[in-house]
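# Remarks on the overall topology
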Amino acid sequence: MSDQPSSPPPYSPDVRELEDIPSVEVISRAAVMLLSAGAERLGLADPDPATSPHRDLDEARRLITALAGLITASAEYLGLHAGPLRDGLQSLQKAFREASVVADPPGQGPGEKYTGPVH
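Residues numbered from 1 in each chain as written. Predicted model: local features only at pLDDT ≥ 70, side-chain atom pairs only at ≥ 80, totals over all residues. Heavy atoms only, no water.

### What to know about the overall build of the chain
Scanning the chain for helices and strands turns up 4 helices and 0 strands. Mapped from its N terminus to its C terminus, the chain presents α and β elements in the order α-α-α-α. For the chain, the proportion of its 119 residues judged to be buried stands at 29%. Element-wise, carbon and sulfur atoms account for 57% of the exposed surface of the chain, whose accessible area totals about 8100 Å². (Helix = DSSP H or I, 4+ residues; strand = E, 2+ residues; numbered from the N terminus. Buried < 20%, exposed > 50% of the residue type's maximum accessible area, 1.4 Å probe, protein only. Areas by Shrake-Rupley, 256 points an atom, 1.4 Å probe, with all protein chains shown as cover.)

Shown next as C-alpha cells:
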C-alpha cells in the first residue's frame, strides 16, 4: 500500500467550476443552505422541536437574518426562485416567533429589518 493519496480523475462530469455556475444558482444554493440550517437550529427536523438537541434560537436568529438579507438583496435576480425562497423565509420567521419564550416586538424578529414585520 502506498501512503500517497490517490489523485482525482482529470475530469468528472459531476464537478463544475464555480465560474461556470450561473449567479442565480449560487445565490439559490446559499439561500437553501441558510434555510436548512435555520430549520435545523429551530429543531424542525426533529419530531418534537422543543426538545431537539439541535435547537439553538440564538443561532437560528443569525441564520434567519442572513437569509432575509440575502433574499431581499437579490430578489430581482432570483426570478421564479424568489417566491418559494420568500415563503420559506417567512415560515422560519413564524416558527422562530412560535418557539421564542419572549416574543420580539413586531419588526424586531430575525430578519424583519429586511422583510418587515411577520405575524
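### Regarding the pattern of salt bridges
The full count for this structure, using the stated rule, is 5 salt bridges. For Arg29, the salt bridge identified is with Glu25, shortest N-O distance 2.7 Å. Of this pair, Arg29 and Glu25 both sit in helix 1 (residues 23-41), separated by 4 residues, roughly a single helical turn. When its relative accessible area of 49% is taken as the criterion, Arg29 is described as partly exposed. Here Arg61 makes a salt bridge to Asp104, at a shortest N to O gap of 2.8 Å. One end of the pair, Arg61, is in helix 2 (residues 57-78); the other, Asp104, is in the loop between helix 3 (82-99) and helix 4 (112-115), and 43 residues separate them in sequence. Residue classification places Arg61 among the partly exposed positions, given a relative accessible area of 27%. Under the relative-accessibility criterion, Asp104 is labelled buried at 17%. Several salt bridges share partner residues, and in doing so they unite Asp58, Glu59 and Arg62 into one network. (Salt bridge = Lys/Arg side-chain N within 4 Å of Asp/Glu carboxyl O.)

### A look at the environment of Ser52
The residue Ser52 is located in the loop between helix 1 and helix 2 in this model. For Ser52, a relative accessible area of 8% puts it in the buried group. The spatial distance from the C-alpha of Ser52 to the C-alpha of Arg41 is 8.8 Å, given a sequence separation of 11 residues. If we skip the residues at most four places from it in the chain, Ser52 touches Gly43 and Asp46. (Contact = heavy atoms within 4.5 Å.)

### Thoughts on the packing of helix 2 against helix 3
Two numbers describe how helix 2 lies on helix 3: the axes approach to 10 Å, and their chain directions differ by 155 degrees. Classified by the angle between their axes, helix 2 and helix 3 sit roughly antiparallel to one another. As for how helix 2 packs across helix 3, the hand of that crossing is left-handed. Contact residues: helix 2 offers Leu57, Ala60, Arg61, Ile64, Leu67, Ala68, Ile71, Ala75 and Leu78, while helix 3 offers Ala82, Leu85, Arg86, Leu89, Leu92, Gln93, Phe96 and Ala99. A breakdown of the residues in the contact of helix 2 with helix 3 according to their chemical character gives 14 nonpolar, 1 polar and 2 charged. (Axes fitted to C-alpha atoms, helices over the stretch in contact; angles between N-to-C directions. Parallel < 35°, antiparallel > 145°, perpendicular 65-115°, else oblique. Left-handed = near helix turned anticlockwise from the far one by under 90°. Nonpolar A, V, L, I, M, F, W, Y, C, P; charged D, E, K, R; others polar.)

### What to know about helix 1
A rise of 1.5 Å per residue sets the reference length of helix 1, with its 19 residues, at 27 Å; its end C-alpha atoms lie 27 Å apart and thus fit the reference within 8%. Residues of helix 1 that are buried: Ile27, Ser28, Ala31, Leu34 and Gly38. Buried residues of helix 1, viewed axially, fall in a sector of 125 degrees; they line one side. Where helix 1 is buried, its residues contact helix 2 and helix 3. (Expected span 1.5 Å × (residues − 1). Arc of directions from axis to C-beta.)

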